[in-house]
Amino acid sequence: MIEIKNVSLWYDKNHQVLNDISETIQRGQTVVICGPSGSGKSSLLRCINGLEYFQKGDIIVNGVSVQDPDTNIHQLRSNIGMVFQHFELYPHMTAMENITLAPLRVRKKSKNEAEKKAMEILERVGIPEQALKYPAELSGGQKQRVAIARALAMEPKIMLFDEPTSALDPEMIKEVLDVMIDLAGEGMTMVVVTHEMGFAREVAHEIIFMDKGRMIEKGSGHDFFNHPKNERTRQFLSRILI
Amino acid sequence: MDMDVIARNLHFMLGGLVLTFELAIITLAGGFLVGLILAMGRLSSRAWLYYPATCYVHFFRGLPLILVIFWLYFLSPVVTGRSLEAFYAAIIAFVVFEGAYFAEIIRAGIQSIPKGQAMAAYSTGLTPFQCTRDVILPQALRNMTPALVTQAVIIFQDTSLAYVIGLREFLRRVNLVDAREARSVELYLFAGLLYFTFCSAGSLLSQRLENRRQRNRV
Ligand SMILES: Nc1ncnc2c1ncn2[C@@H]1O[C@H](COP(=O)(O)OP(=O)(O)OP(=O)(O)O)[C@@H](O)[C@H]1O
Ligand SMILES: [Mg+2]
């Protein structure tokens, strides 16, 4: 479903952020990416939905090349949901308006239809009573669940998560992870940048460790945690698993 | 001091305020529109949009307004072969000139919105136009209201320059009364008081809006 082929990305001539990344993600799989700050995790996610231009390689999503000039990038993105570390909810809109904006504008749904669907999704993420609140009136965990609902409202085939819980207080992390675990269980294809190793153990089909723009190690949850091959991975795991 | 001179001519002078406000409001609306288009150009990554917009802004910000008014009024008949009515010459000069200032206010307002907002909008499939209209501009407008009100005050003051091509706005009428009555001190004090009242009301409003904006930060 997602094929990443030898992708390299430079922000400027001397600053290579992704170095020959290749990876294939099957439909229904959850892939977790971890690695130290600045290793290029966010950049890689942004390449997958065409928010970042890469100089080398190719990414094929659902059979469509992301950087092909003939690709309708807006249509492609509308089928890939994205969730950000800092929520990025639109502060001038209610939760409901945040969720229905793209269905109204991109899918040309009627207001009724879009709001009905939005309520269903808000129920699914457990906060239907927050529909008419503004982001500033919500807790961190509620904000992130609205952000997930906004992405789900487009009925995406793929969800990208960029450290969805790292800006949250500990007691709110679980409510967001639970939503993500449900999604994985329902067969959503997901790419998740996170350091929540409990989550990774539970749902990841594959875990990838990135460092300095390279994929240093990848493996199934069991192999990754119990027999890491690379020294850097071992160091990283020992720090993060305490 | 002869305050009676003001009372005697009050009706005539205040009549000029109608024209003053007319000029100011049309300039405000037109200048904002021109500024919005220029700001889009200034923020564009396309060279053929960026450079013309940037040159325009730098060009008009480098000229005194009075010169632009003169050019339009005295040069446009030479170029087009037809004389331009003073009112239209003033309006066009104001809109063209103030547009450059609005452009910078709007550009700064748009740039004050974090990049993540556009990313979120694009990630759901919105086009750049939809993203700007529905997500960026509403937030940017809210951020730049104080600066816009300040600019409106400046425009209100600038309209008095229209007298140089013979428009009988407020200040010109005061000037005409003075020519007849020879009471400069009283008349110009009165004119000053009037401008000051309107402008400080505007400045106060701008200050209020700014304070409220700071308080409502999330
Ligand atoms: N828009 C940009 N322009 C220039 N350099 C950038 C840009 N975005 C990221 N970088 C740089 O690229 C490198 C990789 O950044 P990226 O955000 O992908 O890393 P990350 O693995 O997500 O890190 P973090 O854990 O801190 O989020 C960093 O060195 C960062 O400074
Ligand atoms: Mg990151």
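What counts, and at which threshold
Within each chain, residues carry numbers counting from 1 in the order of the written sequence. All chains are assigned letters beginning with A, and all ligands numbers beginning with 1, in the order in which they are written. At least 70 in pLDDT is required for a residue's local features to be given in this predicted model, at least 80 for side-chain atom pairs to be given and counted, and no such filter applies to totals for whole chains, interfaces and linings, which use all residues. The basis for every side-chain value is the complete set of heavy atoms in the structure, and neither hydrogens nor water enter the calculation. For this description, a residue counts as near a given molecule or strand if any of its non-hydrogen atoms is within 4 Å of it. Distance and chemistry together define a polar contact, namely a pair of N or O atoms within 3.5 Å, with one atom able to donate a hydrogen and the other to accept it when in protein, and with adjacent residues in sequence counting only for side-chain atoms on both sides. Computed with the Shrake-Rupley method and a 1.4 Å probe, the accessible areas treat only the protein chains shown as cover for residues. Helix and strand assignments follow DSSP, with helices taken as H or I runs no shorter than four residues and strands as E runs no shorter than two, numbered in order from the N terminus. When residue character is reported, Ala, Val, Leu, Ile, Met, Phe, Trp, Tyr, Cys and Pro are called nonpolar, Asp, Glu, Lys and Arg charged, and the others, Gly included, polar. In what follows, salt bridge is the name for a side-chain nitrogen of Lys or Arg lying within 4 Å of a carboxyl oxygen of Asp or Glu. Relative accessibility under 20% of the residue-type maximum defines a buried residue, over 50% an exposed one, and the middle range a partly exposed one, all with a 1.4 Å probe and only protein chains included. A pair of strands is considered paired only if DSSP assigns at least 2 bridges between the two. pLDDT measures the predictor's confidence residue by residue and takes values from 0 up to 100. Lines fitted to C-alpha atoms define the axes, with helix axes restricted to the stretch in contact, and inter-axis angles between N-to-C directions lie between 0 and 180 degrees. Whether two residues are in contact is decided by their heavy atoms: any pair within 4.5 Å suffices. Buried area is understood as the total, over both parts, of accessible area removed when two parts are fitted together, assessed with a 1.4 Å probe.

**What about the site of ligand 1?**
Residues and elements named next belong to chain A. Near ligand 1 you find 13 residues, and of these Ser37, Gly38, Lys41, Ser42 and Ser43 are the closest. One nitrogen or oxygen atom from the main chain of Ser39 is found 3.2 Å from an oxygen atom belonging to ligand 1. The backbone of Gly40 places a nitrogen or oxygen atom 3.0 Å from an oxygen atom of ligand 1. Coverage of ligand 1 by the protein amounts to 60% of the 640 Å² it exposes when considered alone. For the shell around ligand 1, the secondary-structure elements that each account for two or more residues are β2 (15–25) and α1 (41–48). With 4 residues, α1 is the single largest residue contributor to the shell around ligand 1. When its residues are assigned to classes, the shell around ligand 1 shows 3 nonpolar, 7 polar and 3 charged.

**Notes on the pattern of salt bridges**
Applying the stated criterion to the full structure yields 16 salt bridges over all chains. Across the pair A:Arg105 and B:Asp134 runs a salt bridge, and its minimum N-O distance is 2.6 Å. With A:Arg105 in helix α3 (residues 95–105) and B:Asp134 in helix α6 (residues 128–158), the pair connects residues from two separate chains. Under the relative-accessibility criterion, A:Arg105 is labelled partly exposed at 28%. Accessibility expressed as a relative area gives 10% for B:Asp134, which makes it buried. Overlapping salt bridges, with partners in common, bring together A:Arg105, B:Arg133 and B:Asp134 in one network.

**Re the sheet that holds β2(A)**
All names here are of chain A. Strand order across the open sheet formed by 4 strands is β2-β1-β4-β5, with antiparallel pairing between neighbours. At either margin of the open sheet sits one strand with a lone partner, and together these are β2 and β5 (64–65). Where strand β1 (residues 2–12) lies against β2, 7 bridges are found, and the strand directions are antiparallel. Paired with Trp10 across the two strands is Gln16, which belongs to β2.

**What to know about the confidence of the model for chain B**
For chain B, the average pLDDT comes to 91, and 99% of its residues sit at 70 or higher. Taken together, the chains of this predicted complex give a pTM of 0.87 and an interface ipTM of 0.94.

**Observations regarding the sheet that holds strand β9 (residues 206–211) of chain A**
All names here are of chain A. With respect to topology, 6 strands assemble into an open sheet ordered β6-β7-β8-β3-β9-β10, the strand pairing being mixed. If you trace the sheet from one side to the other, it starts and ends with β6 (80–83) and β10 (214–219), each paired once. When the angles between neighbouring strand axes are averaged without regard to direction, this sheet yields 15°. Sheet contacts for helix α6 (residues 170–185): β3 (30–34), β7 (158–162) and β8 (189–193); angle to β8, the most-contacted strand, approximately 145°.

**With respect to the interface of chain B and chain A**
Each partner contributes to the interface: chain B provides 20 residues, whereas chain A provides 23 residues. At the boundary of chain B with chain A, total buried surface from both sides reaches about 1800 Å², with 64% on carbon and sulfur atoms. When the buried area of chain B at its contact with chain A is split by residue, B:Met119, B:Ser123 and B:Thr124 rank highest and sum to 29% of it. The interface formed by chain B and chain A holds 1 salt bridge in total. The tally of links between chain B and chain A comes to 5 residue pairs in polar contact (both at pLDDT 80 or more). Every element with two or more residues in the side of chain B that touches chain A is listed here: α5 (115–123) and α6 of chain B. Looking at the side of chain B that touches chain A element by element, the count peaks at 8 residues for α6(B). The residue inventory of the side of chain B that touches chain A, partitioned by class, reads 9 nonpolar, 8 polar and 3 charged.

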